[in-house]
Amino acid sequence: MTYYSEHAKVWVSVDVIIFGFEEGKLKVLIGRRQMDPGRGEWSLYGGFVAANEGIDECAARTLHELTGLQNLFMRQVGAFGAPDRDPGERVVSIAYYALINVNDYDERLRQEHGLQWVDYYSLPQLYSDHNEMVRQALRRMQMKMRVEPIGFRLLPSMFTLTQLQRLYEAVSGQEIDKRNFRKRIKDMDFIEKTDLIDKRTSKRGAALYRFNDSVYKEDPTFKL
């Protein structure tokens, strides 16, 4: 027996907004679209949901195909389903955002997929409603970063307080008072100062810190 034959078919896809942080800038991974319609336009990376997988599974598969990385931080942004959003077919897309350390991303894979890291604040016009997806993803990330230390996923395992501050400034789009920021950070036991010094960014050298996940889990209190 055939069900729902009186209704029009709708395609379901996922699109993944991948954020990175490099040289003090918040970056988004984009590439040229490899299919019609919109071939050659700047676009996010995505794919259609297979008949035997859920939308979260599809997003995780798409992210792994793109980066080769496992256990990345990923959260759903929302559904985008305007009737005219895709000129090819009636497509509803579920957007997700993910955070990765740019240095962990295999350069070979990036080139293989023809992707580029682009400054969030200099994004070109993207295919369909992808710019709106990115904007909404950033808003969700901003809210999440105020109450949970997800930003450390964008940093190397060892970082300076200046790098950490630049990250929060890049995500918020606003300057942060250095003294107040460092005072709040030093009150957080799970941000540990190490004995290592980074001499690449200043002549005097800057202390390197690390995020201790075990300590955070004992008292998951975080607010910036």
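In case you missed it, the structure is sitting above this.
The model shown is predicted, which means the values in this text are computed figures rather than measured ones. (Residues numbered from 1 in each chain as written. Predicted model: local features only at pLDDT ≥ 70, side-chain atom pairs only at ≥ 80, totals over all residues. Heavy atoms only, no water.)

**Student:** Sorry if this is basic, but what is going on with the pattern of salt bridges here?
**Tutor:** It is possible for side chains of opposite charge to pair when their charged atoms get near one another. The tally for this structure, following the rule as stated, stands at 14 salt bridges. When the shortest N-O distance is used, the salt bridge between Asp 106 and Arg 108 registers 3.7 Å. Classification of Asp 106 by relative accessible area gives partly exposed; the value is 32%. Taking relative accessible area as the criterion, Arg 108 reaches 52% and is therefore assigned exposed. Note that Glu 132 and Arg 135 form a salt bridge whose closest N and O atoms lie 3.1 Å from each other. (Salt bridge = Lys/Arg side-chain N within 4 Å of Asp/Glu carboxyl O. Buried < 20%, exposed > 50% of the residue type's maximum accessible area, 1.4 Å probe, protein only.)

**Student:** Would you explain the nonpolar core in this entry?
**Tutor:** Nonpolar side chains tend toward joint burial in soluble globular proteins. Residues Ile 17, Phe 19, Tyr 97 and Met 141 are the most contacted members of the largest nonpolar core, which totals 43 residues. The set of elements that each furnish at least two residues to this core consists of strand E1 (11–22), strand E2 (25–32), strand E5 (73–80), strand E6 (91–99), helix H3 (130–147), helix H4 (161–172), helix H5 (178–186) and strand E9 (206–211). Not counting residues within four places of it along the chain, the set of residues in contact with Met 141 comprises Phe 19, Leu 26, Tyr 97, Leu 99, Ile 150 and Val 171. (Core = buried A, V, L, I, M, F, W, Y, C linked by side-chain atoms within 4.5 Å. Helix = DSSP H or I, 4+ residues; strand = E, 2+ residues; numbered from the N terminus. Contact = heavy atoms within 4.5 Å.)

**Student:** Explain the environment of Gly 88 to me, please; I cannot follow it from the model alone.
**Tutor:** With respect to the secondary-structure elements, Gly 88 resides in the loop between E5 and E6. The class for Gly 88 is partly exposed, based on a relative accessible area of 42%. Placed 50 residues apart in sequence, Gly 88 and Gly 38 show a C-alpha to C-alpha distance of 9.2 Å.

**Student:** Mind showing me how you'd approach the side chain of Asp 198 here?
**Tutor:** Take Asp 198: it is sitting in strand E8 (residues 191–198). When neighbours within four sequence positions are excluded, Asp 198 is seen to be in contact with Thr 160, Gly 205, Ala 206 and Leu 208.

**Student:** Is there a simple way to explain the packing of aromatic side chains in this structure?
**Tutor:** One pass over the structure, following the stated rule, counts 12 aromatic pairs. Between Phe 73 and Tyr 97, the aromatic rings sit 6.0 Å apart at their centres with planes inclined by 55 degrees, giving tilted as the arrangement. One end of the pair, Phe 73, is in strand E5; the other, Tyr 97, is in strand E6, with 24 residues separating them in the sequence. The exposure classification of Phe 73 matches that of Tyr 97, with both residues buried. Taken together, a centroid distance of 4.8 Å and an interplanar angle of 90 degrees make the contact between Tyr 120 and Tyr 121 edge-to-face. You can call Tyr 120 buried: its relative accessible area is 14%. According to the relative accessible area criterion, Tyr 121 is partly exposed, its value standing at 46%. Just above the ring of Tyr 127 sits the side chain of Arg 33; from NZ or CZ to the centre is 4.0 Å. (Phe/Tyr/Trp six-rings, centres within 6.5 Å; stacked < 30°, edge-to-face > 60°. Lys NZ or Arg CZ within 6 Å of the ring centre and 35° of its normal.)

**Student:** Just checking my understanding: could you explain the environment of Ser 157 for this structure?
**Tutor:** Position of Ser 157 among the secondary structure elements: in the loop between H3 and H4. It is 9.8 Å that separates the C-alpha atoms of Ser 157 and Asn 212, two residues lying 55 residues apart in sequence. Not counting chain neighbours up to four residues away, the residues in contact with Ser 157 comprise Tyr 209 and Arg 210.

**Student:** Could you clarify how one ought to interpret the packing of H3 against H4 in this entry?
**Tutor:** Helix packing for two helices is described by the angle between their axes and how far apart those axes are. Relative orientation of the contacting elements H3 and H4 amounts to 140 degrees, with a least axis distance of 10 Å. Put simply, H3 runs oblique to H4. The interaxial crossing formed by H3 with H4 has left-handed handedness. In this structure, H3 uses Leu 138, Met 141, Gln 142 and Met 145 to contact H4, whose residues at the interface are Leu 167, Tyr 168, Val 171 and Ser 172. Of the residues assigned to the contact of H3 with H4, the class counts are 6 nonpolar, 2 polar and no charged. (Axes fitted to C-alpha atoms, helices over the stretch in contact; angles between N-to-C directions. Parallel < 35°, antiparallel > 145°, perpendicular 65-115°, else oblique. Left-handed = near helix turned anticlockwise from the far one by under 90°. Nonpolar A, V, L, I, M, F, W, Y, C, P; charged D, E, K, R; others polar.)

**Student:** Help me understand the packing of H4 against H5 in this model?
**Tutor:** The N-to-C vectors of H4 and H5 enclose an angle of 110 degrees; their axes lie 11 Å apart at closest approach. With respect to their mutual orientation, H4 and H5 come out roughly perpendicular. Of H5, the residues touching H4 (which contributes Leu 161, Thr 162, Leu 164, Gln 165 and Tyr 168) are Lys 178, Phe 181, Arg 182, Ile 185 and Lys 186. Among the residues making up the contact of H4 with H5, the classes are represented as 5 nonpolar, 2 polar and 3 charged.

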